[in-house]
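Listed here are the chains, written in short residue letters.
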Amino acid sequence: MLECAGSLTGGGIRQMKLMRICFVATLAGILLGSGAAQAQQKVLRDPAEPTQAKTGAKGPARVAKVVARQSVDTKSMLTLIDELVACGTRLTLSSWTDPKRGAGCGRDKIKARFDKIAEASGGKLQVVVDKFEATAERTGGKPVPLENVYAILPGTDEKLKNTVFLVSGHFDSRASDTMDVNLDAPGADDDASGVSVSVESARLLSKLSANRKSGYRATILFAAVSGEEQGLLGAAHLVEWLKEKGYTVGGMLDDDIVGDDPAPGAPHRVRLFSGNGEIEDCDSPSRELARAIEEIDGRDAIRMVFRVDRYGRGGDHYPFYKAGLPAVRFTEPLEDYNHQHQTPRTENGVEYGDFAKYLNAAFLGNVARDNAEALRQLAMAPAAPAEVRLKGAVTPDAKLSWKAEEDSERAGFEILWRETTETRWQVFDFVTGAGETVLKGVSTDNHFFAVRAVGKNGARSIATASQPEVRLAPGTKK
Ligand SMILES: [Zn+2]
């Protein structure tokens, strides 16, 4: 490989020419190279890894995208948002029995939508209203009744149907005072928009399944929860509800404030927040879910933010993240705080309030497509590998081991690696069986490693990052 930056000694034209040669050579290398080769192109001054040639085996090509942007019904999403806004307020502390005003009015509108989609699905989609009680500072310290609404599309695989991928928006809303049921709280963007994404995803994915255009091995759950503004109460309850029902959470997609995109040049990319992990402060199941979604939807659709949420703020993915489950948050690119958590009013010529007129239909529709496609591909994939361990410290080779249950629909596993300073995984190798694989001539020190499962259908599981094999100090006994 031509040595570029270090060899520029001459001035003027000669240097320009050399730079051009270097640029072309590097570009050709990138176009031709495998993932591993690319990584090496960038570290020209470092020793090559692996030190010997590797197999370079490849798995099946990635499954194609199927959810077409034109198939997203933004008009009906906006109609649902209008119906929710017309409930006046959907504060969790408001009435659950008044059909015209309050949280119960919101629940009715959502349940009616899910029921209609369930009917069209030929009974495949199951609608559940989950009633419970919760106590928090923002319930005045006393138990209050809450309700979540779920629509469940059961998976087709005997084992994988116990794994659930879910999308959730919160249907409760709030005004400036989060305890006052008498104030109007339209909550169009926060978070009728997220609810509309969840409901539209249910419609899109049920339809694809009914037309046999897509089969989901895992279960998909479409949620609209309450209690977010009173302290993430509905989502915290949902974590427990899923556990009780025997589900394993494969991934949770929280959509909160996903309808507005006021900056010039809209529609922009949606932001996708994911929290750090405990290993070297970087990888977590949530981070792997974010990376998987970005790979599915594309970098032109998703802007990953490596932070659990907006600075100093929270959302419904948080109780999942804290439980160690893969959970991420979708949020619009640049928020307008005059339109969030505000009692509708005009002050000094400035209008405050979360109204539907500020929403951007093109952006909202994009978010629905991105969620639906991600859920679809994740629900088609084999289970993510378990107990991925890295050993081989103080030896010339890295050794990766992992476990996976039998799965006749799985083609194999991709071994992933990246420079510790890189954002995204690259495929290092493909192997067909679980167990241990030796990465010959690869140091354990210079990269992070992970493994993901690949289906014969081309769908990838989220990656499972490796954990260090605990080494005992010399002379210590087990
Ligand atoms: Zn919200």
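Higher on the page you've got the structure.
Computed from a predicted structure; not experimentally measured.

Focus: the coordination of the zinc ion
Ideal geometry at a metal centre: 109.5 degrees between donors when four sit tetrahedrally, and 90 or 180 degrees when six sit octahedrally.
Here comes step 1: Around the zinc ion, the protein supplies H170 (NE2), D190 (OD), D256 (OD) and D256 (OD) as donor atoms, at distances of 2.0 to 2.6 Å.
Here comes step 2: Considering all 4 donor atoms around the zinc ion, the spread of angles at the metal, 53 to 144 degrees, places the coordination shape in the irregular class.
Here comes step 3: Counting gaps between the donor residues of the zinc ion yields the pattern H-x19-D-x65-D. Of this pair, D190 sits in helix α5 (residues 188-210) while D256 sits in the loop between β5 (248-255) and β6 (270-273), placing them 66 residues apart in sequence.
Here comes step 4: For D256, a relative accessible area of 1% gives the class buried.

A few points about the sheet that holds strand β18 (residues 467-468)
Here comes step 1: If you trace the 4 strands from one edge of the open sheet to the other, you get β15-β12-β11-β18, paired in mixed fashion. The strands lining the two open edges of the sheet, one partner per strand, are β15 (435-439) and β18.
Here comes step 2: Sheet analysis places strand β12 (residues 398-403) next to β15, joined by 5 bridges and oriented antiparallel. Paired with L400 across the two strands is T437, which belongs to β15.

Examining the pattern of salt bridges
Here comes step 1: Applying the stated criterion across every chain yields a total of 31 salt bridges.
Here comes step 2: For the salt bridge of D407 with R217, the shortest nitrogen-to-oxygen distance reads 2.8 Å. Here D407 is found in the loop between β12 and β13 (410-419), whereas its partner R217 is found in the loop between α5 and β4 (219-225), with 190 residues between them in sequence. In this pair, the class of D407 matches that of R217, namely buried.
Here comes step 3: Here E414 and R460 are joined by a salt bridge, their closest N and O atoms 2.8 Å apart.

Overview of the nonpolar core
Here comes step 1: One finds I110, L205, F222, L253 and I293 to be the most contacted residues of the largest nonpolar core, which totals 58 residues.
Here comes step 2: Once you skip the residues sitting within four places of it in the chain, I293 turns out to touch L253, L272, G298, I302, V328, F330 and A374.
Here comes step 3: In this structure, A235, V239, F320 and A327 belong to the second largest nonpolar core, which totals 16 residues.

Cut-off values and rules
- Residues numbered from 1 in each chain as written.
- Predicted model: local features only at pLDDT ≥ 70, side-chain atom pairs only at ≥ 80, totals over all residues.
- Heavy atoms only, no water.
- Donors = N, O, S within 2.8 Å, 3.2 Å for Na, K, Ca; no water.
- Tetrahedral: all angles 85-135°; square planar, octahedral: opposite > 155°, others 65-115°.
- Helix = DSSP H or I, 4+ residues; strand = E, 2+ residues; numbered from the N terminus.
- Buried < 20%, exposed > 50% of the residue type's maximum accessible area, 1.4 Å probe, protein only.
- Pairing = 2+ DSSP bridges.
- Salt bridge = Lys/Arg side-chain N within 4 Å of Asp/Glu carboxyl O.
- Core = buried A, V, L, I, M, F, W, Y, C linked by side-chain atoms within 4.5 Å.
- Contact = heavy atoms within 4.5 Å.

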